[in-house]
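Tertiary structure, described
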Amino acid sequence: MKRILLIAITFVGFTTLSNAQDISDNAIGVRLGDSDGFGAEISYQRGLGDNNRLEIDLGLRSGNNYDGFKLTGLYQWVWNIDGGFNWYAGAGGGVGSYSFDNVPDGFDDSETFLFVAGDVGIEYNFDFPLQLSLDARPELGFGDYRDDLDFDIALGIRYRF
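The rules behind these values
Residues numbered from 1 in each chain as written. Predicted model: local features only at pLDDT ≥ 70, side-chain atom pairs only at ≥ 80, totals over all residues. Heavy atoms only, no water. Salt bridge = Lys/Arg side-chain N within 4 Å of Asp/Glu carboxyl O. Helix = DSSP H or I, 4+ residues; strand = E, 2+ residues; numbered from the N terminus. Buried < 20%, exposed > 50% of the residue type's maximum accessible area, 1.4 Å probe, protein only. pLDDT = per-residue confidence, 0-100. Contact = heavy atoms within 4.5 Å. Pairing = 2+ DSSP bridges. Axes fitted to C-alpha atoms, helices over the stretch in contact; angles between N-to-C directions.

**Quick notes on the pattern of salt bridges**
- For the structure on display, the rule yields eleven salt bridges.
- For the salt bridge of Arg31 with Glu41, the shortest nitrogen-to-oxygen distance reads 3.3 Å. Here Arg31 is found in strand S1 (residues 26-32), whereas its partner Glu41 is found in strand S2 (residues 39-47), with ten residues between them in sequence.
- Arg31 gets classed as buried once you look at its relative accessible area, which sits at 1%.
- The shortest N-O distance in the salt bridge between Arg31 and Asp152 comes to 3.4 Å. Here Arg31, found in strand S1, pairs with Asp152, found in strand S8 (residues 149-160); they are 121 residues apart in sequence, far enough to count as distant.
- Overlapping salt bridges bring together Arg31, Glu41, Glu55, Asp57, Lys70, Asp135, Arg137, Glu139, Asp152 and Arg158 as one network.

**A closer look at the confidence of the model for the chain**
- For the chain, per-residue confidence averages 84 on the pLDDT scale, and residues scoring 70 or more make up 78% of the total.
- At the low end of the mean pLDDT range in the chain sits helix H1 (residues 2-19), at 51; at the high end sits S1, at 96.
- Counting contacts from residues 14-21, a segment whose pLDDT is below 50, to residues more than four positions away or on other chains yields six contacts.

**Quick notes on the environment of Arg61**
- Looking at where Arg61 falls in the secondary structure, it is placed in strand S3 (residues 52-63).
- Between the C-alpha atoms of Arg61 and Ser97, which are 36 residues apart in sequence, the distance is 9.5 Å.

**Section: the sheet that holds S1**
- If you walk around this closed barrel you meet the eight strands as S1-S2-S3-S4-S5-S6-S7-S8, and the pairing is antiparallel. Strand after strand, the sheet turns through a mean of 25 degrees between neighbouring axes, direction not considered.
- Where S2 lies against S3, nine bridges are found, and the strand directions are antiparallel. Counted as the bridge partner of Ala40 is Leu60 from S3.

**Quick notes on the environment of Trp79**
- Along the chain, the position of Trp79 falls in strand S4 (residues 66-82).
- Through-space distance from the C-alpha of Trp79 to that of Asn51 is 6.6 Å; in sequence the pair is 28 residues apart.

Here it is, written out as structure tokens:
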């Protein structure tokens, strides 16, 4: 009986360690942060292969005197560092819209804009289906007023399945 239990524990441990090196087929959660105000995004990742995936984020942004949303799509490459610890880089783009409150002198720079984005970050996949990540996403906007470089830094918390 002890031998069967030892073999079962060894098999489960080996399976867990083997799976920790692969990216998940799917992960969903939140991405919290922004460069100029607090923002929250619903984040979905879909594995496309052994070391690449697609990430789609739909977020709400808020700051002093403005509200907005952003929809971002990124293609990412993932490299294993050790066990469940990975780093990744990617590129993509999206669309966003900002609406400003308390506009002085009737000057309103609310707009809808397009942007291109890069992405670099680190993540840890636990033995249970939880993923924590920290990434930086530089974004170059193309709009009447949003035509500058923005650095979006965020913490991601996702459920892997």
